[in-house]
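Close look at the chain arrangement
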Amino acid sequence: MEIKAIRGFNDILPDEIGKWQFVEKTAREVFEGFGFSEIRIPIIERTELFSRGIGEATDIVEKEMYTFTDKSGNSLTLRPEATASMARAYLEHQLHTFDPVAKLYCIGPMFRYERPQKGRYRQFYQIDAEVFGVDNPMVDAEVIVMLIHFLERVGLEKLELQINSLGCRKCRPRYREELKSFLTKKSFQLCEDCQRRLETNPLRIFDCKVETCQKAIADAPKVLDFIDDECQNHFGKVKEYLEAAGLTYILNPRMVRGLDYYTRTAFEVVSYQLGSQNAVTGGGRYDDLFKDIGGLDVPGIGFAIGMERLISLLPKDKEFVQYPHLFIAALGGETNREAYRLVNQLHLEGIRAELDYEGKSLKSQMRRADKLKARYVLILGEEELKKGRAVLRNMKTKSQEEIPMKDLLDTLKAKLQQFSVKINRMGDLASEG
Ligand code: AMP
C-alpha cells in the first residue's frame, strides 16, 4: 500500500516554496531592522513546560497536545507554540545577565491535535517575535508597529488590527466571577464544552464558535469595565503610542485569546479575505508566564503569525516561482561536452541553467525549456560551435541572436544581471521581461 502523509500534515512543494522563502526573508529583514535576533529552540520539550506555561484549562493543553512518553519514561510534547520555549531558553541561558531586555524571533513548525480544515492543520508554521524584560507600554506599541509593518511589506491588504486589555491577575478574577455569574444564568444555552469552561475558564467561551454560545455571550460584561487603574493606565498608553505611530485599531472587548498566560494588552490582526479561521496573527502581553514556569519575574510581550494563513493572503499577481534563467539545448557530439562545461560554469556564477540529459531532439528540448519556463535557451549546434558561435533565444520575445562563444558568459551575465537583482527581491519577479 502506498504510504501517504498524515492528515493535517502538509508537504510544501517547490512551486509554493518561493512564497515561504519570501515571507521568511522579509520577516528576518524587518525584525532584524527592529533590533530582534533569531533564536532556534527544540521541537520537543518537557510536557510540564506547556501545561504550566500555557495553562491546564486551555484547549491546547486539555486536548491538542502531541504528548508521548519516551523510552526513559519522560512525558514529552511536540511544541504547540514557541513562547514558553523561548522563555525557558531565556531563563536557562540567563540571557538577562547580558541585557535584561531580549528581543527574539523564531520561525518553525508547531503541532496541535486540532480537527484539520482549511487554514487549520496539525503541523503548521509560525513566525514568533517576543520581547522579554520590559513592561513599558511603549514596547507593546513597538511590537504591534513591527507586526503591521511586516504584514504590509509582504503585501497584505484589508487587515484589521484589533486590541483589548485583559487586565492582570489582580483585577481579572473579579471580571471572571462577574462573567461566570452572568453565564451561569444562561448555561442552558451553552454547548457541552462551554458548560465545562464555565467552571474552569469562562473567558474561553468567547472563542467558542457554536452559535448558541455566541448568542449567550453577546451582551456579556466587558473585561475593559473591570480592569484596575494600573491596567487602564497601561492600556491608555498603548493606544496613545499606537496613534502616535499612525496606526488605526479597533477595540474588540470580546477578544480574549486562547492562552491563559496573557495579561493586559491582547491583539489580533484579522483578514476579511479569510473564512472562519480569519486570524492571521495574534499576540499579547504575558507578565506571569515566567513565574508560572518557575523562573524570575520577567514581563513579556509578543505575537505569533500563522504562516499558512499569511501565505494564502499574498497578492495573487506576484510570482514567487523561480524559473531557469537558461536552458542549454545541445545537439550531440562535442556540443554535449561543451554544454556540460558551460552549465557548471554558469552554476558557479549563480545562473540557474538547465540542460537535457537524455539526448533528445532539438524540438523536444525546446518543448522542455518552454515547459520549465526558461527565460532563454542557448542552442549549441556542431557547425556553429566549430565557428565558435551559438544561438541565444529569448523565450518571451522569441527573438534570436548569434553570440561568439568566447563572449558567452559576459553576454549572459549582462542580460541576466538585472534579472538576478530581481531574484533577490522575489516579489518583483513578475515584472521580469
Ligand atoms: P495562537 O498561537 O493560537 O495565538 O495562534 C497564532 C496564529 O497561528 C493564528 O493566528 C493562526 O494564524 C495560526 N494558527 C494557530 N493554530 C493553527 C492551526 N492549527 N493551523 C494553522 N494555523 C494556525
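Residues numbered from 1 in each chain as written. Predicted model: local features only at pLDDT ≥ 70, side-chain atom pairs only at ≥ 80, totals over all residues. Heavy atoms only, no water.

**Comments concerning the site of the ligand**
- Neighbouring residues of the ligand: 14 residues in total, closest R112, E114, Y121, Q126 and R257.
- Residue Q126 places a side-chain N or O atom 3.0 Å away from an oxygen atom belonging to the ligand.
- Separating an oxygen atom of the ligand from a backbone N or O atom of V280 is a distance of 3.1 Å.
- Relative to its unbound accessible surface of 480 Å², the ligand loses 91% to contact with the protein. (Near = heavy atom within 4 Å. Polar contact = N/O pair within 3.5 Å; in protein donor to acceptor, adjacent residues only side chain to side chain. Areas by Shrake-Rupley, 256 points an atom, 1.4 Å probe, with all protein chains shown as cover.)

**Brief notes about the sheet that holds strand β3 (residues 66–69)**
- Spatial strand order, β2-β4-β3: 3 strands in an open sheet with antiparallel pairing. Both outer strands of the open sheet, β2 (44–46) and β3, are each paired with one neighbouring strand and no more. Across the sheet, the mean angle from the axis of one strand to that of its neighbour is 35°, orientation sign disregarded.
- Looking at chain direction, β3 and strand β4 (residues 75–78) are connected through 4 bridges and run antiparallel. (Pairing = 2+ DSSP bridges. Helix = DSSP H or I, 4+ residues; strand = E, 2+ residues; numbered from the N terminus. Axes fitted to C-alpha atoms, helices over the stretch in contact; angles between N-to-C directions.)

**A short note on the sheet that holds strand β11 (residues 300–306)**
- Read from one edge of the open sheet, 8 strands run β1-β5-β6-β11-β10-β9-β7-β8, paired in mixed fashion. Both outer strands of the open sheet, β1 (37–38) and β8 (250–251), are each paired with one neighbouring strand and no more.

**Some thoughts on helix α7 (residues 192–200)**
- Taken together, the buried positions of α7 are C194, R197 and L198. Projected down its long axis, α7 carries its buried residues within an arc of 110°, all on one side. Projecting away from the buried face of α7 at angles above 90 degrees are the exposed residues E192 and E199.
- Here the buried face of α7 lies against α3 (59–64), α6 (172–184) and α8 (211–217). (Buried < 20%, exposed > 50% of the residue type's maximum accessible area, 1.4 Å probe, protein only. Arc of directions from axis to C-beta. Contact = heavy atoms within 4.5 Å.)

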